[in-house]
Amino acid sequence: MIAKVEESISTTGEGFEDLAWLFTCDSRNRGLIRQGFDEAALLWKAVKATSGNILEIGRNLAGSTVLLAAAAGPSRKIYSIDNRSNEERACKDYLARPENNRRVHLLVADSRAPLPNLRFGFLFVDGDHTFEGVLADVLAHWNAVQSVGQQAALIAFHDALPNDNFKWRDADRRWKRFWIRLKNKFRSQKKPEIAPAYEPGVLKVCDELIRQRLAARWGSAGSMLVMRKLADLPPNFPETARRA
């Protein structure tokens, strides 16, 4: 598991997004973006710390796409990949505004295929959360992420870290946990008494990127992990990641 280390982001309070700790941040306030308020604040901060094109893997209702577009400003292009078009109407209307429509590209495509001749200063991965799915997305796009000028290249992963986003939901479910525990005695595949609030496959890929010194931890909030890219992937990365 990724060790807790000193993070690169400032904790002195540079803007409203630095004050997420003032609020109750869990799954009850996720809304259209499907993120906790603290996670969205970190995503906003990470976008502001980068330059160049932005790539989003997985947009669902497009709440996160709206945040990326708003944080990026008018000069940056956003490419969002999903395997279907499922944008919520309010988000779709926002992205269709003339100032956004020119620079936000909603792609319906396979995220495991690279986008040729494009480079990105920021990558947000929130698509297939299985180990093989995240690994495939990283293999397809990691080397296209590059620093721009003096600003580092950052990659954000949602649902990557253990967290308390859903802790409230299970606080009064003692009987439900009891029945799950009882039924597990007769199941060949056990169910967790409390559903995990992150995806182990995402964490495994992130852990391997840091272990091989291809990335360094930049910041975290809830299940959101932002990493600074240090190097391109070596050719044998898929094999070493699977062995690990």
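Coordinates for the structure precede this section.
The following paragraphs examine the structure supplied in this document.

Rules of the game
Note that residues are indexed from 1 along each chain, following the sequence as it is written. Reporting in this predicted model follows two pLDDT cut-offs: at least 70 for local features of residues, and 80 or more for side-chain atom pairs to be given and counted; totals over whole chains, interfaces and linings ignore these cut-offs and use all residues. The basis for the side-chain values is all heavy atoms of the structure; hydrogens and waters are excluded. Only runs of H or I of at least four residues qualify as helices and only runs of E of at least two qualify as strands under DSSP, and these elements are numbered from the N terminus. We take the radius of gyration over the C-alpha atoms and set the globule estimate at 2.2 Å times the residue count to the 0.38 power. Two residues qualify as a contact provided that any one of their heavy atoms is within 4.5 Å of a heavy atom in the partner residue. Note on areas: Shrake-Rupley, 1.4 Å probe, and residue coverage restricted to the protein chains presented here. For the purpose of charge, His is not counted, nor are the chain termini; Lys and Arg are scored as positive and Asp and Glu as negative. One atom stands in for each charge, and that atom is NZ of Lys, CZ of Arg, CG of Asp or CD of Glu. Salt-bridge detection follows one rule: a side-chain nitrogen of Lys or Arg within 4 Å of a carboxyl oxygen of Asp or Glu. In this analysis an axis means a line fitted to C-alpha atoms, helices contributing only their contacting stretch, and an angle means the value between N-to-C directions, from 0 to 180 degrees. When describing relative orientation, an angle under 35 degrees is termed roughly parallel and one over 145 degrees roughly antiparallel, while 65 to 115 degrees is termed roughly perpendicular and anything else oblique. Whether a crossing is left-handed or right-handed is set by the direction in which the near helix is turned from the far one by less than a right angle, anticlockwise for left-handed and clockwise for right-handed. Gly counts as polar in this scheme, as do all residues outside two lists: the nonpolar Ala, Val, Leu, Ile, Met, Phe, Trp, Tyr, Cys and Pro, and the charged Asp, Glu, Lys and Arg. Note on pairing: DSSP must find at least two bridges between two strands before they are called paired. Each aromatic pair joins two rings of Phe, Tyr and Trp (for Trp, the six-membered one) with centres within 6.5 Å, and gets the label stacked for planes under 30 degrees apart, edge-to-face for over 60, and tilted for any other angle. Remark: exposure states derive from per-residue accessible area (1.4 Å probe, protein chains only) relative to the maximum for the residue type, with buried under 20%, exposed over 50%, and partly exposed in between.

This brings us to the overall build of the chain. In terms of helices and strands, the chain carries 9 helices and 7 strands. Taken over C-alpha atoms, the radius of gyration comes to 18 Å for the chain, in line with the 18 Å a tight globule of 244 residues would show. Considering only C-alpha atoms, the chain reaches an extent of 55 × 45 × 40 Å along its principal axes. Of the contacts formed within the chain by residues at least 6 apart in sequence, a portion of 76% connects residues at least 24 apart. Accessible area for the chain stands at about 13,000 Å²; split by element, carbon and sulfur atoms hold 52% of it. Of note, the chain has its 37 positive side-chain charges centred 4 Å away from the centre of its 29 negative side-chain charges.

A separate point is the pattern of salt bridges. A full pass over the atoms with the stated rule returns 8 salt bridges. Across the salt bridge formed by Arg112 and Asp128, the nearest N and O atoms sit 3.0 Å from each other. Of this pair, Arg112 sits in the loop between strand 3 (104–108) and strand 4 (122–125) while Asp128 is found in the loop between strand 4 and helix 5 (131–141), placing the two residues 16 residues apart along the sequence.

Further remarks concern the packing of helix 2 (residues 63–72) against helix 3 (residues 89–96). One can describe the packing of helix 2 onto helix 3 by two numbers: an axis separation of 9 Å at closest approach and a directional angle of 30 degrees. Our classification of the angle between helix 2 and helix 3 gives roughly parallel. The interaxial crossing formed by helix 2 with helix 3 has left-handed handedness. For the pair helix 2 and helix 3, contact is made by Gly63, Thr65, Val66, Ala69 and Ala70 and by Cys91, Tyr94 and Leu95, respectively. Its residues assigned to classes, the contact of helix 2 with helix 3 comprises 6 nonpolar, 2 polar and no charged.

Below, the discussion takes up the sheet that holds strand 7 (residues 224–229). Spatially, 7 strands are ordered 3-2-1-4-5-7-6 in an open sheet, and the strand pairing comes out mixed. Only two strands of the sheet have a single neighbouring strand rather than two, namely strand 3 and strand 6 (215–221). Between one strand axis and the next, the sheet turns by 15 degrees as a mean value, whatever way the strands run. Alignment of strand 4 against strand 5 (residues 154–157), held across 4 bridges, turns out to be parallel.

Per the counting criterion, the structure on display carries 4 aromatic pairs. Plain terms: the ring middles of Phe16 and Phe23 are 6.0 Å apart, the flat faces sit at 70 degrees to each other, and that makes the pair edge-to-face. Judged by its relative accessible area of 41%, Phe23 is partly exposed. Taken together, a centroid distance of 5.0 Å and an interplanar angle of 55 degrees make the contact between Phe23 and Phe37 tilted. With Phe23 in the segment before helix 1 (37–48) and Phe37 in helix 1, this pair connects stretches of sequence that are 14 residues apart.

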